[in-house]
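Given next are the chains, with one letter for each unit.
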Amino acid sequence: MTTSHHEYDYDFVPPAEAPVFSPKPEEFKDSLAYIEKIRKIAENYGICKIIPPEDWKPPFAVDIDKLKFTPRIQRLNELEAHTRIKLNFLDQVAKFWELQGSSLKIPIVEKRALDLFTLKKYVNKLGGMTKINSEKRWTSVAAEMGYSAQNCSKIGPLLKSHYERILYPLDVFEKEEAAKAKEEKELRTQELEKQRKEDKKSKSGNLTKAEKAEEDSKAFSKELQRLQFYGAGPKLPGLPSQDKMEKTRGVKLNFEYDPLAKYMCQNCGKGDAEEQMLLCDGCDDSYHTFCLMPPLTEIPQGDWRCPKCVLAEVSKPMEAFGFEQAQKEYTLQSFGEMADQFKSDYFNMPLHLIPMSLVEREYWRILDNIDEDVMVEYGADLHTMDHGSGFPTHGSKHLSEDDHEYVKSEWNLNNLPVVPNSVLKHIDIDISGMKVPWLYVGMCFSTFCWHVEDHWTPSINYLHWGEPKTWYGVPAKYAEKAEEVMRSSASELFEYQPDLLHHIVTTMNPNVLAAHGIPVYRMDQYAGEFIITFPRAYHAGFNHGFNMAEAVNFAPPDWLEIGRKCVEHYSLMRRFCVFCHDELICKMATRPEALTLQVAAVCYKDLLKMVEHERDMRAELVNAGVRNAEREAFELLPEDERQCALCKTTCFMSALTVVNGRDDQEIVCLRHFKSMDVNPSNLILRYRYTMDELAVLLRGLKAHAESYDDWMVKVRSALDARGENRMEFALLKDFYTQALEKKYPGSELLLALQTVVEEADKCQMVAHQLSSTQGKVRTRLGADAKYRLTVEELELFVNQLETLPAKVSGQEGVCELLANVTRFKEEASLLLDREKVELDEVQQCLERGEVLDIFLPEVQRLRARVEQLEWIKEVMEVLDDPSEISTDTLTGLEQRGCNLKPRAEVESGLSRLRGLRVTMDQWEAQAANCLQASPKSSLEEVERLVRDGENISLGLPSLEKLREACRKAKEWWARAENLQKPENYPYLDTLEVLVARGRPLPIRLDPLAQLETQVAAARAWRERTARVFLKKNSHCNLMEVLSPRYDIGTERKRKKRTEEANFRHPIFLGLSAVELSDPQEIVNAFKQAEQEELNSMKEIRAKHGIKEKKDAVMLECELCLDEFPPGSIPLPRLPSGKSKPTSLREVKFLCPNCLRSRRPRLETILSLLVSLQKLTVRLPEGEALQCLTERAMAWQDRARTILATPDISQALKKLSIQSREEGNENDSPATEDNSADGTTDSESETSTPSRGRSMMSTEQVDLPKKTISMLEDLLVEGDLLEVSLDEVSHIWRLLQATPQRRNRIYPEIDSLEAELVAAREEKKREKQRKREKLETEEGKEERERRKLKKKKKEEKRRKEKENTGDSEDDCSASKCKRPTGKQVHWVQCDNCSLWFHLFCIGLKPQHIKEDEEFYCGGCGKHRRGSRKPDSDMDTD
């Protein structure tokens, strides 16, 4: 049995802490150099932590919105080795009893489940059940298992009974089957040995030499059997001989079938005692219950399996343990929410209150407890090539200038494996996780188990953000001992999975390792910290919560030695290599100039060892008789074809294979030649390089490594030179560049060379700059004055150039500059001492001083003098002619004068400038008062103010505004006087534009009030006419209703009514401005439109008349003959009265497209025309109404003439229409009064045949077809009129009484109403379904999209209004009434900031208070009491 961790009776004791290192910023620059510096200390702990400098904070570059991953599932109680052994044992016991027809129930002892594995372990430890029973030591077993000493005497018998009932049958079964298996194995071994001797004896006498050699080669080894080929046909490797295929397991085959065999007991061979005979449910074999071992006392109730079937199931090898992938794909946000919720729920406290020590103790408690079923998820080994790296790279987006520092940093895990001193840089392929980083997204308890890195390379882990990780490490020198402890402690797991540690799926309590003398160290890693693991250092750990880390491997030069040992270890373990070590070394040797000195030196040693070993192995092959050799480019072969068949090592230098002419045969390493039982002449040596070629590679590496000594001699000689013997700076710099390129090691000589090169480089740069600036014109800003040299510094610099160890170019120019500086100082001193000087003379001297590019006090004094002289000259020019100067220019000039150094001329100029500025400020104040005066100033006053300003200066800011206002006022006045002339009769829109232009002018306009009154009267008439004609919520405007139709037969989309004054009806679109001023032209246009309307209606009637009648009930329009489903449009209004119509025969139906208006009576229209004559403004609607009235009266005259004919008059009397007509004429005054108020809806008149009766007469009228056709044409013209006439009703009644219409079947009113109700209910249900859909997530998104779309439309409409420029569009009400008067009141919405006329939204000034908020109808918030009941607040 294995040693269990239960032997250690203690709680989890945290191991000692690993070291922590905090590099300084200069140390942190070279990553591998710093790691090498701390290696001697840190590698004794296996792991260490590095805390970067405080200012090193790389940005997180992963796109968190696009990162999606599928984590691994980790069941914690399966991770720990001993816990997994227990679980496997319980599975084995449960499977055994399940096959016996019983289910396993774990007994409960002292309120906890009995540990069957531990019970069996201690029973075996004390000698087995028989010995314990004889010595009565069950109490000792209870004590060993940790039960309390007081209850051991009671618990011992319980353990005995449970062991006998559950575990003892399994013990007996295993021993019995083990004995049978041993006996069968011995028998099979004897048979095989006997057969082998017979085959050898039969072949030895007849074999030729070639056949004997073939037999020798076939004795290769067990692993090389696959290299042998059998048969003359296609070469099939590994095909066994026919006699081997016919062999059995040592049991003689009997092909005779015995039908009674299955009824006999397989143990005793008898068929008696049938009532105690069991039949296996797996193989149908029969067994007596008393013949089984152990015997069964009763027949099992469920399915039962025989011992053979049980053995086959129980002895099945366990599947290799591994982590399964989760089914759900996560984003970072969803995984983080899950992780935080898990941790908070598990510990039942907020995340920030959970101590790390508690999490660590709980973690190991869960792993050690078999009953804890805790499952977590771990996003491990996420490829950065797929998901992106957490560190910024050259392909990262949205990088700032500071972020580029981290893109190139050596501590960026994308760069560390390929820095110049890293060996992994020379591997061509991107090995994910080793050369290319992996991401790790962790949660609480997610685990990385004990392991070492591939090829024993060191690794580095950086925690980008999140909660900490806890690491455990074992030093490399204890690695083999740690492996031995793990193998011995969990031998059951390693028996079935020898490479268990390579799969990183098993962990073990650090206290268990420490108890075996293995030092273990721990470390907590926080966000922004690095963890380094050293070569072959076992490490493991877990996460404390949601976090993200990134890890990669790297290989410093000293790794090559341990890397070769790792390959040898892999060869013993038969493990595949990630890359070929020999290939890496040879590739580095082919390009020695690309290696640093450290890498070249280590590579030379490793290559020398490899070449010596290769030479010895090849010499051994030659001495043994191997004569065939072929060159092979192993790097071009697939990985599976270049692996050794025995040890799985990837071959590169050389390999052996058999002579058979095939290209796809397997190969073996040269080290296996001694163990090969094969004829050497049948082997082929495949090699990559000859020994001479390898010697060339060695010489190249050696020469590169020794180039450092030659370089040191030359550098010392150059640094010691003086005077004319000094070396040119370019040559000295080449030595330093060579040291950097070849990565020479740091030394005092290199440091001295670096200091000299840096100093000489600075001196040469300064010398070139000083030499190049001579003769150039510099600006007077002096932006880089603080970086200039003083005269003293220039003299010191010249001396420094002479003492440098290298010759610097530009030294002659610096000496010349010093001479020019001396001459300038003398000239400037003489010029500054003079009292009166000319501006040009001072400027020329200043330019010569600025060109020198040296800091000279004389230059500053000259520059101040030049500024004074220039300012005084500019002031004189302004005072001589101030007409063009502006206030800003004057203020700036005055400010410049205040900044100058004091001087008498400067003070005098400032005084005169201040006087001019005061005069301009006084005029500006008068102009501002004029622009904002209330009441406004007259035109004469404004013109006088403009003349005063022009006398002061044309650059005054407000002068141009007043000029423009005067010009516009004069133009407006002239336009208004022209329109007021008697011969002019302007349209309303012309006056509206004129009024709108006059309102914002800051000048009082006398005709404006009169024009506003005229506009208001015209608008009032138009509103009154609209109330008379337009139906509620009509989609037509007044002009469209009064004019003939122009869209008959086209699909008319429902739209908002157009009320803009500048709306042009299609009738007027073809008329010019001259024609629009002629009333006769307008009448002619209306006549033409009327005729086109009638023709279009006749065409559409003819088109609809030939349509096939549908079976369903349809409503047919009397005018256009179009048909409509009952639910699609409203039913015609029925007459009010006691007699209700029963069908549409008695009701006249016009569709909404034909019945566009309320159709008032002619008397009402005449009263509107009387009011129109009183207006002094021309309205298109008025002209349209006049044309409509003339058309209606003309039609009425024609209709009365036709109705007065004898036959039609007789028909009218027969239908009793004339008498009712007289009665209706008596009622007409009342109707006219009601219609004038706009309260009569003439739909009822149009829809019903008469007012006196609602039921039609049953009389039939016979009229000639010609007369009927004439009446129908007349009725069509009458129905086109938007006027209610009695003659229309009479004609319709006559036609309804004709036989053709009386025979027509009309739908019943009740059925139509029922269908209409059903359609309304269906619409309600549809609305309800839409409302419910909007409550879902998709509906909410759709609602948000609609809101956004609506908001964009409102913004667009608001911008359009802002861009119109005229004040007439400032009101945001959809039905702006454009109020006029002396004072127009406004209000602003406190939510959307839109402005409204109070009159347009139905409010008065007393309804609005300054201390209360106001919300318009579009914002959906109305103040209580702020609107009247009849106010129109819906501004949308």
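Residues numbered from 1 in each chain as written. Predicted model: local features only at pLDDT ≥ 70, side-chain atom pairs only at ≥ 80, totals over all residues. Heavy atoms only, no water.

Some words on the packing of helix 22 (residues 729–741) against helix 23 (residues 748–772)
Reasoning step 1: Relative orientation of the contacting elements helix 22 and helix 23 amounts to 135°, with a least axis distance of 10 Å. As far as their axial angle goes, helix 23 and helix 22 are oblique. The hand of the helix 22/helix 23 crossing is left-handed. Counting all contacts with helix 22, which are made through Phe-729, Leu-732, Lys-733, Phe-735, Tyr-736 and Ala-739, the residues of helix 23 involved are Leu-750, Leu-753, Gln-754, Val-756, Val-757, Ala-760, Asp-761 and Gln-764. (Axes fitted to C-alpha atoms, helices over the stretch in contact; angles between N-to-C directions. Helix = DSSP H or I, 4+ residues; strand = E, 2+ residues; numbered from the N terminus. Parallel < 35°, antiparallel > 145°, perpendicular 65-115°, else oblique. Left-handed = near helix turned anticlockwise from the far one by under 90°. Contact = heavy atoms within 4.5 Å.)

Regarding the nonpolar core
Reasoning step 1: Counting 97 residues, the largest nonpolar core has Trp-871, Phe-1029, Leu-1185 and Ile-1291 as the members making the most contacts within it.
Reasoning step 2: No other element matches the nine residues that helix 39 (residues 1180–1203) contributes to this core.
Reasoning step 3: Setting aside residues no more than four positions away along its own chain, Trp-871 makes contact with Leu-893, Arg-896, Gly-897, Leu-900, Val-906, Gly-909, Leu-910 and Leu-913. (Core = buried A, V, L, I, M, F, W, Y, C linked by side-chain atoms within 4.5 Å. Buried < 20%, exposed > 50% of the residue type's maximum accessible area, 1.4 Å probe, protein only.)

Considerations on a positive patch on the surface
Reasoning step 1: A cluster of basic side chains, namely Arg-1320, Lys-1323, Lys-1327, Lys-1330 and Arg-1331, defines a positive patch on the protein surface.
Reasoning step 2: On the basis of relative accessible area, Lys-1327 is assigned to the exposed category, the value being 55%. (Patch = residues over 30% accessible without salt bridge, like charges linked within 9 Å, V, L, I, M, F, W, Y side chains within 5 Å. Areas by Shrake-Rupley, 256 points an atom, 1.4 Å probe, with all protein chains shown as cover. Salt bridge = Lys/Arg side-chain N within 4 Å of Asp/Glu carboxyl O. Lys, Arg positive; Asp, Glu negative; His and termini not counted. Charge placed at Lys NZ, Arg CZ, Asp CG, Glu CD.)

Let's talk about the state of the cysteines
Reasoning step 1: The tally for this structure, following the rule as stated, stands at zero disulfides.
Reasoning step 2: Not engaged in a disulfide, the cysteine Cys-603 finds its nearest cysteine sulfur in Cys-586; these two sulfurs lie 8.4 Å apart.
Reasoning step 3: A disulfide-free cysteine, Cys-651 has its sulfur positioned 3.9 Å from the sulfur of Cys-669, the nearest such atom. (Disulfide = S-S within 2.5 Å.)

Section: the pattern of salt bridges
Reasoning step 1: Throughout the structure, instances matching the rule amount to 52 salt bridges.
Reasoning step 2: Its salt-bridge partner being Asp-1279, residue Lys-1148 comes within 2.6 Å of it at the nearest N-O pair. Of the two residues, Lys-1148 sits in the loop between strand 29 (1123–1124) and helix 38 (1162–1173) while Asp-1279 sits in helix 43 (residues 1265–1280), which places them 131 residues apart along the sequence.
Reasoning step 3: A relative accessible area of 2% places Asp-1279 in the buried class.
Reasoning step 4: It is possible to trace a salt-bridge network through shared partners that takes in Arg-1045, Glu-1093, Arg-1156, Arg-1159, Arg-1191 and Glu-1282.

Section: the sheet that holds strand 23 (residues 628–631)
Reasoning step 1: Spatial strand order, 23-25-24: three strands in an open sheet with mixed pairing. Among the strands making up the open sheet, the edge pair consists of strand 23 and strand 24 (654–658). Sheet twist, expressed as the mean angle between neighbouring strand axes with direction ignored, is 30°.
Reasoning step 2: Of the pairings in the sheet, the one linking strand 24 to strand 25 (residues 683–687) comprises five bridges and is antiparallel in character. Directly across from Ala-655, in strand 25, lies its bridge partner Arg-686. (Pairing = 2+ DSSP bridges.)

Quick notes on the side chain of Arg-865
Reasoning step 1: If you trace the backbone, Arg-865 turns up in helix 27 (residues 857–880).
Reasoning step 2: On the accessibility criterion, Arg-865 (14% relative accessible area) is buried.
Reasoning step 3: Beyond its immediate chain neighbours, meaning those up to four positions away, Arg-865 contacts Glu-835, Val-837, Val-842 and Arg-903.

Comments concerning the sheet that holds strand 15 (residues 438–442)
Reasoning step 1: Spatial strand order, 2-3-20-17-22-15-14-5-12: nine strands in an open sheet with mixed pairing. Looking at strand neighbours, the two that pair on one side only are strand 2 (20–21) and strand 12 (324–325), the edges of this open sheet.
Reasoning step 2: As paired elements, strand 14 (residues 375–383) and strand 15 share three bridges and run antiparallel to each other. Following the sheet pairing, Gly-379 is matched in strand 15 by Val-441.
Reasoning step 3: Across the sheet, helix 2 (residues 31–42) touches strand 2, strand 3 (47–50) and strand 20 (530–533), and the angle it forms with strand 3 is around 135°.
Reasoning step 4: Lying over the sheet, helix 11 (residues 332–347) contacts strand 14, strand 15, strand 17 (459–466) and strand 22 (547–553), oriented at roughly 150° with respect to strand 14.

Let's talk about the packing of aromatic side chains
Reasoning step 1: Throughout the structure, instances matching the rule amount to 30 aromatic pairs.
Reasoning step 2: Between the aromatic rings of Tyr-330 and Phe-335, the centroid separation amounts to 5.3 Å while the plane-to-plane angle is 90°, which identifies the pairing as edge-to-face.
Reasoning step 3: By relative accessible area, Tyr-330 is classed as buried at 6%.
Reasoning step 4: By the ring-pair criterion, three or more aromatic residues cluster together here, those being Phe-12, Phe-342, Tyr-346, Phe-347, Tyr-363, Trp-364, Phe-445, Tyr-472 and Phe-542.
Reasoning step 5: In this arrangement the basic side chain of Arg-688 is found over the ring face of Tyr-689, its NZ or CZ atom lying 4.7 Å from the centre. (Phe/Tyr/Trp six-rings, centres within 6.5 Å; stacked < 30°, edge-to-face > 60°. Lys NZ or Arg CZ within 6 Å of the ring centre and 35° of its normal.)

Points about helix 24 (residues 791–803)
Reasoning step 1: Along its 13 residues, helix 24 runs 19 Å from first to last C-alpha, staying within 8% of the 18 Å computed at 1.5 Å per residue.
Reasoning step 2: Here helix 24 has its buried residues at Val-791, Leu-794, Phe-797, Val-798 and Leu-801. Buried residues of helix 24, seen end-on, are gathered within an arc of 110° and therefore sit on one face of the element. In helix 24, the exposed residues that point more than 90 degrees away from the buried face are Glu-792, Leu-796 and Thr-803.
Reasoning step 3: The secondary structure elements touched by the buried residues of helix 24 are helix 23 and helix 25 (811–832). (Expected span 1.5 Å × (residues − 1). Arc of directions from axis to C-beta.)

Section: the side chain of Thr-1298
Reasoning step 1: Within the secondary structure, Thr-1298 is located in the loop between helix 44 (1286–1296) and helix 45 (1299–1302).
Reasoning step 2: A polar contact is formed between the side chain of Thr-1298 and the backbone oxygen of Leu-1295, at a distance of 2.5 Å. (Polar contact = N/O pair within 3.5 Å; in protein donor to acceptor, adjacent residues only side chain to side chain.)

A look at the environment of Ala-1199
Reasoning step 1: Following the sequence through the fold, Ala-1199 ends up in helix 39.
Reasoning step 2: Residue Ala-1199 is classed as buried on the basis of its relative accessible area of 0%.
Reasoning step 3: In sequence terms Ala-1199 and Leu-1271 are 72 residues apart; their C-alpha atoms lie 8.8 Å from each other.
Reasoning step 4: With residues near it in sequence (within four places) discarded, Ala-1199 still touches Leu-1274, Glu-1287 and Ile-1291.

Topic: the confidence of the model for the protein
Reasoning step 1: Residue-level pLDDT values for the protein average 78, and 79% of them are 70 or greater.
Reasoning step 2: Counting contacts from residues 777–783, a segment whose pLDDT is below 50, to residues more than four positions away or on other chains yields 15 contacts.
Reasoning step 3: Low pLDDT, under 50, characterises residues 1421–1436; the stretch is placed with 43 contacts to residues that sit more than four places away or in other chains. (pLDDT = per-residue confidence, 0-100.)

A word on a negative patch on the surface
Reasoning step 1: On the surface, Glu-54, Asp-55, Glu-401, Asp-402 and Glu-405 cluster together into a patch of negative charge.
Reasoning step 2: Glu-401 sits in the exposed class, given a relative accessible area of 74%.

Let's talk about the pairing of strand 24
Reasoning step 1: When you tally the buried positions in strand 24, you get five out of five residues, the bulk of the element.
Reasoning step 2: Alternating residues of strand 24 divide into Ser-654, Leu-656 and Val-658 and Ala-655 and Thr-657, and every residue in both groups is buried.

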